[in-house]
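# Overview (structure and organization)
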Amino acid sequence: MQAIGMIHRTSTPQHTASAAGPLADTALREFLMTRPTAWLVDELITAARSAPLLRARLEQAAGTEPIVDVSGVLDRLDRVADVRGFVPYGEAASFAHGIRVELAAVETLRAEGFAAAAIEVLEHAITVIEGALGFVDDSDGEVGGVLDDAQELHAQACIEAGPEPVELAERLSRWALRSNWEVFLDSPGTHAETLGESGLARFREIVDDASVGLSVGDDADDFDDDDSDDDDSDNGRPTAFTIRYLQEQLAAQRGTDELIDVLAQDLSSAYRFHRIATVLADDDRVEEALAWLERGRNTTFGTWHDDRLDDLAADLHRRAGRFAVATQMVAEGFAASPTVSGYERLRVFATDSVEWDRRRAEALEVLRAMPVAALPAPGHRTMAEASGHGVLVRVLIEEGDIDGAWAAARQGGCPSSIWMEVAEARGVTHPADAVPVFQRLGANVLEGGNRAAYAHGAALIRRAHRFAEAAGLTPESTAWIVDVREKNRRRPALQDEFNRHHLPKVR
């Protein structure tokens, strides 16, 4: 562990890359070898005055406490993270890049053997990023990504520098409790190696003190922690989520049983049972996990049933080799809520239990029993389309049964997107069948009444016309398109899109 002296912020070190090559270096070395020692020492001391890292290396080699001057990078971080007003979405990436460039100094400090100085820079960087985040449109997570990277680098620098564990625990715990951006929320795990037993114990004390007044079911700042001396937050009380998360992180460092004990303190939702079962399953304690899932499935949480409990239970029964039990659970879930992904999941499970033929037939019957969706009336547009037999159509398409999918679409209906998919597949061998589908879909889209709708509708009608050409129905398709043009002759944007898509014109 190297010491770090006081940080001076009075000068900004300058680094100039030399254009000299190996030959010039050799010549310079030969010259320096001829100089008196006193002259070399004077030159080196003069250079060290303007090169903080060089001076620190020399002091470290001399066995004295090195003073690493990082004032330059700290000042630059202040400048690049200084938000004047608000950083809009389009400038967020550039803003993040400016901070990331300055963080490159951390790698230089670590490479030179001054990880403690790197910690100072990183903690300053995290502070200024936190201060700026509320004034940045970080929709793409660019600035948040830099914040995450800084925390990862901090954990690594702590391993290399070896700061005093209890002091580190006090700094990290209070930071995590007060942060609005979940900074160091994972530090009981990421910094566990550096914290050690003493640091984790102190971390736990501070979090437990902050939890005074926290009740089961709390999920916000709705508890009284005024008696806590350890939460010196500038942002108010820590949230219940923050405290519980930290307690779980700390418990995880002691093992699965400790974590389960913490998680079991709050069983107010099905998700809590799922969390416990997941932890046990990850520890290869499948039967215990199933017992917790069964408890959760038999507990009432309002009117909503969390399917994740059933899904995980089926996965664990399959993992334990109970394929028939697992398949039955998946089949029941599919029957209750038929989806394409549920059908594929059933196929995988039923294949394991050698029941796919029977389970497939049952699943298709479930899908055929779904309510029929009538075709929308011409010109009728709605954002909420009935699903009809859409799942059945998609399933049959994926199985390669295009004729069956076409029949299912005609019989039970389906959303427009699936109609396009099945019509496209049907049109390969029966182009005449695809024509009216794309005509109807195109005409409905045109009712949107704007340029985007006209462009999309024209593209669909162009697709219909190509199928008509393949089916020998060009005259009929042309007449239909001309009629559409005529009915919309007062919509120049529509006419323009039809022209752009090379659709027939009125003669």
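Bear in mind that the values here come from a model prediction, so they are computed numbers and not experimental data.

## Some points on the layout of surface pockets
Taken as a whole, the second largest pocket spans an internal volume of roughly 390 Å³. Together, 17 residues line the second largest pocket, and Asp307, Asp311, Val330, Gly333 and Phe334 are the ones closest to its centre. Contributions of two or more residues to the lining of the second largest pocket are made by helix H15 (307–319), helix H16 (323–336) and helix H17 (340–352). A per-element tally of the lining of the second largest pocket places H16 first, with six residues.

## Quick look at the packing of aromatic side chains
Per the stated rule, a full pass over the model turns up eight aromatic pairs. Taken together, a centroid distance of 6.0 Å and an interplanar angle of 85 degrees make the contact between Trp406 and Trp419 edge-to-face. With Trp406 in helix H20 (residues 402–412) and Trp419 in helix H21 (residues 416–427), this residue pair connects regions lying 13 residues apart in the sequence. Taken individually, Trp406 and Trp419 each receive the classification buried, so the pair is uniform in this respect. An angle of 25 degrees between the planes, with centres 5.8 Å apart, marks the rings of Phe438 and Phe467 as stacked. Placement of Phe438 in helix H22 (residues 431–446) and of Phe467 in helix H23 (residues 451–470) is noted, with a sequence separation of 29 residues between them.

## Section: the confidence of the model for the chain
For the chain, per-residue confidence averages 87 on the pLDDT scale, and residues scoring 70 or more make up 84% of the total. Within the model, the stretch residues 1–18 combines pLDDT values under 50 with 46 contacts to residues more than four positions away or in other chains. Confidence over residues 220–235 falls short of pLDDT 50; this stretch has 37 contacts with residues more than four positions distant or in other chains.

## So, the environment of Thr478
Within the fold, Thr478 resides in helix H24 (residues 474–487). Sequence separation between Thr478 and Leu503 is 25 residues, and the spatial gap between their C-alpha atoms is 8.2 Å. Contact partners of Thr478, with chain neighbours within four places excluded, come to His465 and Pro504.

## Structural notes on the pattern of salt bridges
Overall, the coordinates contain 40 salt bridges when judged by the stated rule. In this structure, the salt-bridge partner of Arg359 is Glu362, at a minimum N-O distance of 3.5 Å. Here Arg359 pairs with Glu362, and both are found in helix H18 (residues 356–368), just three residues apart, close to one helical turn. A relative accessible area of 36% places Glu362 in the partly exposed class.

## Some details on the nonpolar core
Ranked by size, the top nonpolar core spans 60 residues in total, and within it Leu293, Leu316, Tyr343, Val393, Trp419 and Val422 carry the most contacts. With seven residues, the top contributor of residues to this core is helix H13 (residues 270–282). Excluding residues that lie within four positions of it along the chain, Val393 makes contacts with Ala405, Ala408, Ala409, Ile418 and Val422. Core analysis: the next-biggest nonpolar cluster, separate from the first, contains 57 residues, Val128, Val136, Phe203 and Leu214 among them.

Rules used throughout
- Residues numbered from 1 in each chain as written.
- Predicted model: local features only at pLDDT ≥ 70, side-chain atom pairs only at ≥ 80, totals over all residues.
- Heavy atoms only, no water.
- 1 Å grid on protein atoms, 1.4 Å probe; cavity = no way out; pocket = protein on both sides within 12 Å on 5 of 7 lines; lining within 4 Å.
- Points joined across faces, edges and corners; volume = space filled by probe spheres on them.
- Helix = DSSP H or I, 4+ residues; strand = E, 2+ residues; numbered from the N terminus.
- Phe/Tyr/Trp six-rings, centres within 6.5 Å; stacked < 30°, edge-to-face > 60°.
- Buried < 20%, exposed > 50% of the residue type's maximum accessible area, 1.4 Å probe, protein only.
- pLDDT = per-residue confidence, 0-100.
- Contact = heavy atoms within 4.5 Å.
- Salt bridge = Lys/Arg side-chain N within 4 Å of Asp/Glu carboxyl O.
- Core = buried A, V, L, I, M, F, W, Y, C linked by side-chain atoms within 4.5 Å.

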